[in-house]
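Okay, here's what each chain looks like letter by letter:
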Amino acid sequence: MSDTVAAAWRAVEREGERLRTLSLRTLFARAPERFASFSFGHEDLLVDLSKEKVDRPALDALLALAEAAELPAWREALFTGRRVNATEDRAALHMALRGGTDPDVAVGGSAVLPEVEEVRERFLAFARDVRSGRYGACGGGPFTDVLHIGIGGSHLGPEMAVRALRPDHDGPRVHFVSNVDGSDLADASARLDPARTLVLVASKTFTTLETMTNARSARRWLEGAVAGRAAAHMAAISSNVEAAADFGIEGDRVFGFRDWVGGRYSLWSAVGLPVAIAVGPDRFRALLAGAAAMDRHFRGAPLERNLPVLMGLMSVWRRNVMGWPSVALIPYDQRLGRFPAYVQQLAMESNGKRVARDGTPAARPTAPVVWGEPGTNAQHSFFQLLHQGTDVVPVEFIIAAEARNAVGGDHHRLLVANCLAQGQALAFGRTGEEAQRAPTASGAAGPDADRLAPHRSFPGDRPSTTVAHRRLDARTLGRLIALYEHRVFVESVLWGVNPFDQWGVELGKALAERLQPALAGAPLPAGTDSSTAGLVVHLRRSAAG
Ligand code: F6P
């Protein structure tokens, strides 16, 4: 770490020392206009950081750290196709898939956009044909259902986006299977007619155990209905187009993408095909356009008004300065129900790293645990711990100003009020004295109110960020996803790690492959530990009844 970076970290830590002793109540009392100073916008998107435990000097120190860590240079390296993924010797150019780079961006001397546009036109034309029935079931008639098979980055993005854009669905029904647990495929296919179902197999590598196992089983399931013609009911999305062809899928239904698209950054490629089939090519293009607008903002806006930069700095502040190891992502939007799982992979697979880019131990803790569920449901499950538990868990709320459903009534007003109220309760809490004064549900007063006061008081001083937007449509979803993608990149620069590899997933895969024969009765691999050996024997006996 250079002396400049080390000095910038020390300055940030000094701000942390000072702010640790100041509560959010105090910060608001000292600067009642905090909202005006700490909320930042892009189009209708607002990121409110006023309930984070920062003030102007702290934010300035964080911005100086971003400069010292050469964030602007790293950002430019990313956008210009430099091999920022050094351990795999690759660029990370997912922005090119959505028009978020310069038109002449190149990798290894070759311009990338001509191929991107060619594949995009091809898979969007295919989506159009499936939707219209022009490409239909081999026994005649349009496909009524699409079954998408993929896992991790080849699953979470499309599943999340299809659910988020439900009001825009006007294509065939879309279903998802990811787990190698056969129950996933069994339950999804039980509701479907194979003679009217199109199966999409999405896998960047086209070797992933779960996806290939499900793809083979799905092909058998199709064969039962359309003997000898199952391949006509299948399409593939992969950067390994040879393997997809070897699987038996015709080349005109194989949609490729390059190795410079990471799995968890691949929604914008043909991996988004189920989204395009569900909501149509125009809305898919709107999703891309939204993400490209966020790319332009991230690349061009000054750091002090740059949403992904500011949110990335907040991550570093919470994780490294305040020492909070987890963050709850709570969209107050039922249709964003899978957004926390999507961001979880994005953030934890990208920055869950223990060594820096050069292989030396990371100087500081890296990615926090990201988890969450939609509100208001979450309020009735784990919010108790967020308010009164012994650990501080920063919360990120996402809320739309406008509903996208025809239910009407009070629903959306209540949803918004609950979201804002949770941020208030977390930040300002309720003192023992206030708790004594506040009526209990049973109307307890006097000694009973005294006895209950410690239980009914809230420490407060628990930070949150609120991300507000006008309404959840395709363009806004694109902006939201790209906001989180770039925020993860900002974090990686400040932590000095490579966010585009994922070596940590390999060992478990290799061990599973070695153990699998033993579960079928073969001897255990030499050197198997007694715990695993005992479990194998127990499960084998248990399965045999
Ligand atoms: O095991 C992790 C992982 O490699 C992810 O990074 C990836 O998104 C997922 O598996 C699926 O990989 P593929 O798209 O190659 O099937």
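Refer to the structure presented above.
Parameters at a glance
- Residues numbered from 1 in each chain as written.
- Predicted model: local features only at pLDDT ≥ 70, side-chain atom pairs only at ≥ 80, totals over all residues.
- Heavy atoms only, no water.
- Salt bridge = Lys/Arg side-chain N within 4 Å of Asp/Glu carboxyl O.
- Helix = DSSP H or I, 4+ residues; strand = E, 2+ residues; numbered from the N terminus.
- Buried < 20%, exposed > 50% of the residue type's maximum accessible area, 1.4 Å probe, protein only.
- Pairing = 2+ DSSP bridges.
- Axes fitted to C-alpha atoms, helices over the stretch in contact; angles between N-to-C directions.
- Contact = heavy atoms within 4.5 Å.
- Phe/Tyr/Trp six-rings, centres within 6.5 Å; stacked < 30°, edge-to-face > 60°.
- Lys NZ or Arg CZ within 6 Å of the ring centre and 35° of its normal.

A. Focus on the pattern of salt bridges. This model, assessed by the stated rule, comprises 38 salt bridges. Across the pair R299 and D102 runs a salt bridge, and its minimum N-O distance is 3.1 Å. Taken as a pair, R299 in helix 12 (residues 281-300) and D102 in the loop between helix 5 (71-79) and strand 3 (106-107) lie far apart in primary sequence, 197 residues in all. By relative accessible area, D102 is classed as partly exposed at 33%. Between E491 and R487 there is a salt bridge, with the nearest N and O atoms lying 3.0 Å from each other. Placement of the pair is E491 and R487 together in helix 19 (residues 474-495), with a separation of 4 residues, close to one helical turn.

B. Fine view of the sheet that holds strand 7 (residues 197-202). What the 5 strands build is an open sheet, ordered 6-5-7-8-9; its pairing is parallel. This sheet does not close on itself; its edge strands, each paired only once, are strand 6 (173-177) and strand 9 (254-256). Taken over all neighbouring pairs, the strand axes of this sheet differ in orientation by 20° on average, direction set aside. As judged from the 4 bridges shared by strand 7 and strand 8 (residues 234-238), these two strands associate in the parallel manner. Bridging from a neighbouring strand, V199 pairs with M234 of strand 8. Together, strand 7, strand 8 and strand 9 form the strand contacts of helix 6 (residues 113-132), whose direction differs from that of strand 9 by roughly 145°. Contacting strand 5 (145-149), strand 6, strand 7 and strand 8, helix 9 (residues 209-223) crosses the sheet at an angle of about 160° to strand 7.

C. A look at unusual backbone geometry. That bond from G375 to T376 is cis: its omega, 10°, falls within 30 degrees of zero. Mapped onto the secondary structure, T376 falls in the loop between strand 11 (369-371) and helix 15 (383-388). The backbone of D461 sits at a positive phi, close to 60°, despite the residue not being glycine. Within the fold, D461 resides in the loop between helix 18 (446-456) and strand 13 (464-469). The exposure class assigned to D461 is partly exposed, which follows from its relative accessible area of 22%.

D. Broad picture of the sheet that holds strand 12 (residues 395-400). Read across the sheet, 6 strands follow the order 1-2-13-12-10-11 without closing on themselves; strand pairing throughout is mixed. Among the strands making up the open sheet, the edge pair consists of strand 1 (39-42) and strand 11. When the angles between neighbouring strand axes are averaged without regard to direction, this sheet yields 15°. Where strand 12 and strand 13 come together, 6 bridges link them in parallel fashion. Looking at strand 13, one finds that I398 is bridged to V467.

E. Spotlight on the environment of L494. Relative to the elements of secondary structure, L494 occurs in helix 19. Along the primary structure L494 and F382 are separated by 112 residues, whereas in three dimensions their C-alpha atoms are 31 Å apart.

F. Seen up close, the packing of aromatic side chains. Scanning the model with the defined rule gives 15 aromatic pairs in all. Taking 6.2 Å as the distance between ring centres and 25° as the angle between the ring planes, the aromatic pair formed by F489 and F500 counts as stacked. One end of the pair, F489, is in helix 19; the other, F500, is in the loop between helix 19 and helix 20 (506-519), and 11 residues separate them in sequence. Taken individually, F489 and F500 each receive the classification buried, so the pair is uniform in this respect. Taken together, the ring pairs in this structure connect F79, Y265, F298, F489 and F500 into an aromatic cluster. Here the basic side chain of R219 rests over the ring of F247, its NZ or CZ set 4.0 Å away from the ring centre.

G. Quick peek at the environment of F339. Looking at where F339 falls in the secondary structure, it is placed in helix 14 (residues 339-351). With a relative accessible area of 0%, F339 lands in the buried category. Each C-alpha atom, one on F339 and one on S189, is 25 Å from the other, the two residues being 150 residues apart in sequence. Filtering out sequence-adjacent residues up to four positions away, F339 remains in contact with M160, L329, I398, L480, I481 and Y484.

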